[in-house]
Amino acid sequence: MAIPILSIIGVTKRFGGLTALHELNIDVYEGEAFGLMGPNGAGKTTLLSVISGQHKPDRGMIKFQGDDISGFPPHKICRLGISRTYQIPQPFGNLTALENVAVAAMYGKGVGKAAALAKGEEILDVVALSDKRDVPARNLGALTLKRLELARALANDPKVLLIDEVAAGLTEVEIPGFFEILKRIRSLGITYIMIEHVLKVMVEAVDRISVLDSGMKIAEGKPHEVMQNEKVITAYLG
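Rules and cut-offs
- Residues numbered from 1 in each chain as written.
- Predicted model: local features only at pLDDT ≥ 70, side-chain atom pairs only at ≥ 80, totals over all residues.
- Heavy atoms only, no water.
- Helix = DSSP H or I, 4+ residues; strand = E, 2+ residues; numbered from the N terminus.
- Buried < 20%, exposed > 50% of the residue type's maximum accessible area, 1.4 Å probe, protein only.
- Pairing = 2+ DSSP bridges.
- Axes fitted to C-alpha atoms, helices over the stretch in contact; angles between N-to-C directions.
- Contact = heavy atoms within 4.5 Å.
- Polar contact = N/O pair within 3.5 Å; in protein donor to acceptor, adjacent residues only side chain to side chain.
- Expected span 1.5 Å × (residues − 1).
- Arc of directions from axis to C-beta.
- Core = buried A, V, L, I, M, F, W, Y, C linked by side-chain atoms within 4.5 Å.

Colleague: Looking at this structure, I do not really get unusual backbone geometry. What am I missing?
Modeller: Most of the time, phi is negative for any residue but glycine, and the peptide bond is trans. Even without a glycine there, the phi angle at Glu23 is positive, about 45°. You can see Glu23 is positioned in strand S2 (residues 18-28). In this structure Glu23 comes out as partly exposed when scored by relative accessible area, which is 43%.

Colleague: Teacher, can you tell me more about the sheet that holds strand S8 (residues 191-195) here?
Modeller: Strand pairing in a sheet is mediated by backbone hydrogen bonds. Such pairs are either parallel or antiparallel. What the six strands build is an open sheet, ordered S6-S7-S8-S3-S9-S10; its pairing is mixed. Both outer strands of the open sheet, strand S6 (82-84) and strand S10 (216-221), are each paired with one neighbouring strand and no more. Sheet twist, expressed as the average angle between the axes of neighbouring strands with direction ignored, equals 20°. One ladder, built from five bridges, connects strand S9 (residues 208-213) with S10; its direction is antiparallel. Following the sheet pairing, Leu212 is matched in S10 by Lys217. On the sheet, helix H1 (residues 44-51) packs against strand S3 (33-37), S6, strand S7 (160-164), S8 and S9 and is oriented at approximately 150° with respect to S7. This element, helix H6 (residues 175-187), spans S3, S7 and S8 of the sheet and lies at about 145° to S8.

Colleague: Would you mind showing me how to read the side chain of Thr85 here?
Modeller: Mapped onto the secondary structure, Thr85 falls in the loop between S6 and helix H3 (97-109). Residue classification places Thr85 among the buried positions, given a relative accessible area of 0%. A distance of 2.9 Å separates the side chain of Thr85 from the backbone nitrogen of Asp164, its partner in a polar contact. Thr85 has contacts with Glu149, Leu150, Ala153, Leu162, Ile163, Asp164 and Val166, leaving out every residue within four places of it along the chain.

Colleague: Would you mind showing me how to read helix H4 (residues 113-126) here?
Modeller: Each α-helix turn comprises 3.6 residues. Residues three or four places apart therefore point the same way. The end-to-end C-alpha distance of H4 is 20 Å, a good match for the 20 Å that 14 residues give at a rise of 1.5 Å each. Along H4, the positions that sit buried rather than exposed are Ala116, Lys119, Gly120, Ile123, Leu124 and Val126. All buried residues of H4 fall inside an arc of 140° around its axis, so they share one side. Residues of H4 that are exposed and point over 90 degrees away from its buried face: Ala114 and Asp125. Tucked inside the fold, the buried residues of H4 contact H3, helix H5 (142-154) and H6. Two residues or fewer past H4, Ala128 is found with a positive phi of approximately 60°.

Colleague: Would you mind showing me how to read H5 here?
Modeller: Along its 13 residues, H5 runs 19 Å from first to last C-alpha, staying within 8% of the 18 Å computed at 1.5 Å per residue. Thr144, Leu145, Lys146, Leu148, Glu149, Leu150, Ala151, Arg152, Ala153 and Leu154 are the residues of H5 that are buried. If you follow the buried residues of H5, they end up packed against S6, H3, H4, S7 and H6.

Colleague: Would you explain the nonpolar core in this entry?
Modeller: Counting residues in each nonpolar core, the largest one holds 44 residues, and the members touching the most others are Leu150, Leu154, Leu161, Ile185, Tyr192 and Met194. If we ignore the near neighbours within four places in the chain, the residues touching Ile185 are Val126, Leu150, Leu154, Leu161, Ile190 and Tyr192. Residues Ile5, Val11, Val28 and Val160 belong to the second largest nonpolar core, which totals 25 residues.

Colleague: Looking at this structure, how should I read the pairing of strand S4 (residues 59-64)?
Modeller: For a regular strand, side chains alternate in direction, first toward one face of the sheet and then toward the other. Sheet topology places strand S1 (residues 6-15) next to S4; five bridges connect them, and they run antiparallel. Directly across from Leu6, in S4, lies its bridge partner Phe64. With two bridges connecting them, S4 and strand S5 (residues 67-68) associate as antiparallel partners. Residue pairing for S5: Phe64 is matched across the bridge by Asp67. With antiparallel pairing between neighbouring strands as the criterion, S4 and S5 make up a hairpin whose turn holds two residues, including Gln65 at a positive phi of roughly 50°.

Below, the structure is given as structure tokens:
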């Protein structure tokens, strides 16, 4: 049986009297495209923050490639090979798209300027932003900034990429282009875990889905199975 590249084992996270995650168990396998769904407040982004080191679990364990990384600081987890995006991109506004990705490569991979710029060119091509390479980030539109956010997260050659609602706001015309970017990411051998509310994107972009509600896993399986689950329907529609 395959060994998970990432395991969430009995993870609980509390903020004061609020339990954001409750005894959560999830396994993600190498090369897999994995989805996280759930209504607002379900604990999805909190889980990404626990995995990436922004928050320490109050109970339970995060294992990456078989090693316990629970409580490691974000920079150490990044260097180990886990990167994430954020819902609200915060690039360096005065730097160009290329420079933003290069900075991420320099600090995420520990490479020099020339290697970082070369990595930046490569990654901008992956996310279809080569034509914006010399544009300052402050002049980029909201959806383009989300692709730049994805590029910055890819700059350290992660083994696991955590994607937090990068497709939010896409039109029907723009969605196929996003699928192409995800295909390119998978072709690089990167495992990704994606939070997304756009159901069309989620169903077509992942192999399996876990659905959270009030910090607990209520369903897990292939997309078409999960969408027909009564607990999932109740969580979304009441």
